[in-house]
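# Remarks on the overall topology
Below are the chains, spelled out letter by letter.
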Amino acid sequence: MLSNNFSIIFYLLIIICSSCIFGIAQNYEVQHNKINYLLYASGLIILVIPIAVRTCGVDYESYTNIYHNITNLSFASFWTQYNSIPEPLYALLNQFASATQIGFRGVSALCA
């Protein structure tokens, strides 16, 4: 398990690296359109991937439990038992992730 300080430094480096890439992309915006799109895409990927693949955190277990509770029920049976927890759009996102087989990591990536 990584220490808390390492996690903070790791995420700060991710934000700094992504910000630098976005800054470079703004410089190339007019001159090289394809390079600009590539830089923006890589900057976003650098931000999203670490969030999507995380397996720790205070709320990780509760969100995985929500995902598994939603995906173990059919669409109709979940909505007949729905009691406003979790939020409706998050519940729909989990249903979508289950139907398309992108799993909990896909939910995390879409929410990131």
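A brief structural summary. (Residues numbered from 1 in each chain as written. Predicted model: local features only at pLDDT ≥ 70, side-chain atom pairs only at ≥ 80, totals over all residues. Heavy atoms only, no water.)

## Some details on helix α5 (residues 88–100)
The end-to-end C-alpha distance of α5, which contains 13 residues, comes to 18 Å, matching closely the 18 Å that a straight helix rising 1.5 Å per residue would cover. All of the buried residues in α5 are Tyr90, Ala91, Leu93, Asn94, Gln95 and Ala97. Among the structural elements, α3 (60–71), α4 (75–80) and α6 (103–111) are those in contact with the buried residues of α5. Backbone geometry just downstream of α5 places Gln101 in the positive-phi region, at approximately 65°. (Helix = DSSP H or I, 4+ residues; strand = E, 2+ residues; numbered from the N terminus. Expected span 1.5 Å × (residues − 1). Buried < 20%, exposed > 50% of the residue type's maximum accessible area, 1.4 Å probe, protein only. Contact = heavy atoms within 4.5 Å.)

## So, a nonpolar patch on the surface
Together, Phe6, Phe10 and Tyr11 make up an exposed nonpolar region whose accessible area comes to about 280 Å². Along the chain, the position of Phe6 falls in helix α1 (residues 4–27). Judged by relative accessible area, which is 42%, Phe6 ranks as partly exposed. (Patch = residues over 30% accessible without salt bridge, like charges linked within 9 Å, V, L, I, M, F, W, Y side chains within 5 Å. Areas by Shrake-Rupley, 256 points an atom, 1.4 Å probe, with all protein chains shown as cover. Salt bridge = Lys/Arg side-chain N within 4 Å of Asp/Glu carboxyl O.)

## Brief notes about the side chain of Ser18
Inspection of the secondary structure assignment puts Ser18 in helix α1. At a separation of 2.9 Å, a polar atom in the side chain of Ser18 contacts the main-chain carbonyl oxygen of Gly43. Excluding anything up to four places from it in sequence, Ser18 contacts Gly43, Ile46 and Leu47. (Polar contact = N/O pair within 3.5 Å; in protein donor to acceptor, adjacent residues only side chain to side chain.)

## Some remarks on unusual backbone geometry
For residues other than glycine, phi is negative in most cases, and the peptide bonds are mostly trans. Non-glycine residue Gln101 carries a positive phi angle of around 65°. Summarising the element assignment, Gln101 is placed in the loop between α5 and α6.

## Here we look at the packing of aromatic side chains
For the structure on display, the rule yields two aromatic pairs. Seen in terms of ring centroids, Phe22 and Tyr40 are 5.9 Å apart; in terms of plane orientation they differ by 35°. Their pairing is tilted. Of the two residues, Phe22 sits in helix α1 while Tyr40 sits in helix α2 (residues 33–52), which places them 18 residues apart along the sequence. The interplanar angle of 55° and the centroid separation of 6.0 Å between the aromatic rings of Tyr67 and Phe104 together place this pair among those described as tilted. With Tyr67 in helix α3 and Phe104 in helix α6, this pair connects stretches of sequence that are 37 residues apart. For Phe104, a relative accessible area of 13% corresponds to the buried category. (Phe/Tyr/Trp six-rings, centres within 6.5 Å; stacked < 30°, edge-to-face > 60°.)

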